[in-house]
Amino acid sequence: MPLKTSKYIWHEGKLVPWEQATVHVLSHALHYGSSVFEGIRVYKTPTGAMGFRLTDHMRRLYHSAKIYRIKIPFALDVLVEACRDVVRENGLLNGAYIRPIAFRGYGEMGVAGNIDQPATVSIAAWEWGSYLGEGALEQGVDVCVSSWQRVAPNTVPALAKAGGNYLSSALVTLEARRLGFAEGLALNTAGFVSEGAGENLFVIQNGKIYTPPVASSILSGLTRNTVIQLAEQAGIEVLEQNIPRELLYIADEVFLTGTAAELTPVRSVDKIPVGEGKRGPITEKLQKQFFGLFDGTTADRWGWLEPIVDQKARTRPMAV
Ligand code: PMP
């Protein structure tokens, strides 16, 4: 689906018209994948537009940059504010997807680039609907286990959300789509289930929830963390442990989480129906809790909703 453009992009400290946020073809990141980025959703809630875990996402951006010694020349609070600005100035208060990116820009070539050169930083935002297709949230999606494995731990670090990592994800999704599936899941090099191309994965069996640990070559997803806390609040046990491929076939329920995918049920894996081949009851319950954060039916005890417009209305608990 083509990108739905908006008016402005925050580029290097100021808002510029969408078409003018361009970079040189010899930018380092274009050649070597040396970018780090984030994806954040803005939801329209009864108390106004909210960035979901906006600050946590931006913290992860700095962590990704740190792993690669990429210097972000702006403070965290400046970039958080810039995200809010981009949404406001583009009039996206009904919901949006924010995409901040920091990358090694134009200046020096060679694999390592110049680690002293400050990164180029941009933040765009646009309207973005359901990632895995219409109806995915209710009906669930059909996925396959990819023939491509996730990056091994001592090769490319999975905890960094870096541009280069997504060549691996692209291979997984391209293969899945070519074979008629909505998404592909990857095993790690030890043979255990890792994650979807752009989503974390959860399996439910006998009332307990299982998800691969962070050492399973996954991105430590904020939606994953959110769902773990919502499940625990609902009294459902969550175990972070290695998951063998065949557990996907005999699980009662499977679902994927991610900022783009939100909380999407999986109805089949490799054409084997998961449970009854439709969204299961625990998945539905967790979806209700998750989306309840945005319609006000789930209390935000954690301060995850960060107002886009009125900073004073922040729900994050204030220090006294
Ligand atoms: N894994 C990968 C590889 C991803 O790209 C994403 C999306 N950022 C996720 C998991 C989910 O992370 P989050 O919930 O923070 O969006």
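Look above for the structure.
None of the values given here were measured: they were computed from a predicted structure.

**Student:** Can you help me understand the side chain of Q287 in this one?
**Tutor:** Summarising the element assignment, Q287 is placed in helix α8 (residues 281–295). The class of Q287 is buried, set by a relative accessible area of 4%. Those residues in contact with Q287, other than ones at most four positions away along the chain, are L137, L263, P265, R279 and G292.

**Student:** Please clarify how the site of the ligand should be interpreted in this entry.
**Tutor:** Close to the ligand lie 17 residues, the nearest being Y166, E195, L222, T223 and T259. Measuring from an oxygen atom of the ligand, one finds a side-chain N or O atom of R60 at 2.8 Å. Here an oxygen atom of the ligand and a side-chain polar atom of T259 are 2.6 Å apart. Across the complex, the protein chains shield 94% of the 380 Å² of accessible surface that the ligand would expose by itself. Among the detected pockets, the ligand sits in the largest pocket. At the level of elements, α2 (54–67), α6 (222–233) and β14 (253–258) are the ones that each hand at least two residues to the shell around the ligand.

**Student:** Any chance you could explain the nonpolar core here in plain terms?
**Tutor:** Side chains of a nonpolar character, in soluble globular proteins, are inclined to be buried together. Among the nonpolar cores identified, the biggest contains 28 residues, and M58, L79, I98 and I123 are the most heavily contacted of them. When residues of this core are traced back to their parent elements, those giving at least two are β4 (40–45), α2, α3 (76–89), β6 (96–103) and β7 (120–126). Top contributing element to this core by residue count: α3, with 6 residues. Excluding its chain neighbours within four sequence positions, the residues that come into contact with I98 are E38, G39, I40, V42, L54, C83, V87, I123, A124 and A125. Formed by 22 residues, the second largest nonpolar core is a distinct cluster that contains M50, A231, F255 and L286.

**Student:** It is not clear to me how the pattern of salt bridges should be interpreted in this structure. Could you clarify?
**Tutor:** One side chain can pair with another of opposite charge once the charged atoms of both are near each other. Applying the stated criterion to the full structure yields 16 salt bridges. In this structure, K4 engages E127 in a salt bridge whose closest nitrogen and oxygen atoms are separated by 3.1 Å. Of this pair, K4 sits in the segment before β1 (8–11) while E127 sits in the loop between β7 and α4 (136–139), and the two are 123 residues apart along the sequence. Residues R245 and D270 are paired through a salt bridge, measuring 3.0 Å at the closest nitrogen-oxygen approach. Here R245 is found in helix α7 (residues 245–250), whereas its partner D270 is found in the loop between β15 (262–269) and β16 (272–273), with 25 residues between them in sequence. Overall, R245 belongs to the partly exposed group, its relative accessible area being 30%. The exposure class of D270 is partly exposed, given its relative accessible area of 21%. Shared partners join several salt bridges into a network, and the residues in it are E81, R84, D85 and R88.

**Student:** Is there a simple way to explain the environment of F294 in this structure?
**Tutor:** On the secondary structure map, F294 appears in helix α8. On the basis of relative accessibility, which here comes to 6%, the residue F294 falls in the buried class. If we ignore the near neighbours within four places in the chain, the residues touching F294 are Y43, K44, T45, P46, F52 and L305.

**Student:** Would you mind showing me how to read the layout of surface pockets here?
**Tutor:** If you roll a probe as big as a water molecule over the atoms, it shows you where there is empty space left. There is about 880 Å³ of room inside the largest pocket. Only α2, β6, α5 (166–178), β10 (193–196), α6 and β14 provide two or more residues apiece to the lining of the largest pocket. With 7 residues, α5 is the largest single contributor of residues to the lining of the largest pocket. Two domains each donate at least three residues to the lining of the largest pocket, and these are domain 1 (8–129) and domain 2 (136–295). Quantified by volume, the second largest pocket comes out at close to 370 Å³. Together, 15 residues line the second largest pocket, and A21, V23, I101, F103 and S122 are the ones closest to its centre. Of all elements in the fold, only β1, α1 (28–32), β6 and β7 reach the threshold of two or more residues within the lining of the second largest pocket. If one sorts the elements of the lining of the second largest pocket by residue count, β7 sits on top with 4 residues.

**Student:** Can you walk me through the packing of aromatic side chains in this structure?
**Tutor:** Ring pairs (aromatic) are described by centroid distance and by the angle formed between their planes. Within this structure, the stated rule accounts for 14 aromatic pairs. Relative to F294, the ring of Y43 has its centre 3.6 Å away and its plane inclined at 5°; by these criteria the two rings are stacked. Pair noted here: Y43 is in strand β4 and F294 is in helix α8, with a separation of 251 residues, a long-range link. For Y43, a relative accessible area of 12% gives the class buried. A ring pair is formed by F52 and F294, whose centres lie 5.2 Å apart and whose planes are at 90°; its orientation type is edge-to-face. Of the two residues, F52 is situated in strand β5 (residues 48–52) and F294 in helix α8; the sequence distance between them amounts to 242 residues. F294 matches F52 in its accessibility class, with the two residues each being buried. In this arrangement the basic side chain of R301 is found over the ring face of W302, its NZ or CZ atom lying 4.8 Å from the centre.

Conventions adopted
Residues numbered from 1 in each chain as written. Predicted model: local features only at pLDDT ≥ 70, side-chain atom pairs only at ≥ 80, totals over all residues. Heavy atoms only, no water. Helix = DSSP H or I, 4+ residues; strand = E, 2+ residues; numbered from the N terminus. Buried < 20%, exposed > 50% of the residue type's maximum accessible area, 1.4 Å probe, protein only. Contact = heavy atoms within 4.5 Å. Near = heavy atom within 4 Å. Polar contact = N/O pair within 3.5 Å; in protein donor to acceptor, adjacent residues only side chain to side chain. Areas by Shrake-Rupley, 256 points an atom, 1.4 Å probe, with all protein chains shown as cover. 1 Å grid on protein atoms, 1.4 Å probe; cavity = no way out; pocket = protein on both sides within 12 Å on 5 of 7 lines; lining within 4 Å. Sits in = over half its atoms within 2 Å of the grid points. Core = buried A, V, L, I, M, F, W, Y, C linked by side-chain atoms within 4.5 Å. Salt bridge = Lys/Arg side-chain N within 4 Å of Asp/Glu carboxyl O. Points joined across faces, edges and corners; volume = space filled by probe spheres on them. Domains from an automatic or database assignment. Phe/Tyr/Trp six-rings, centres within 6.5 Å; stacked < 30°, edge-to-face > 60°. Lys NZ or Arg CZ within 6 Å of the ring centre and 35° of its normal.

Note that all results are geometric; they support no functional claim without further evidence.
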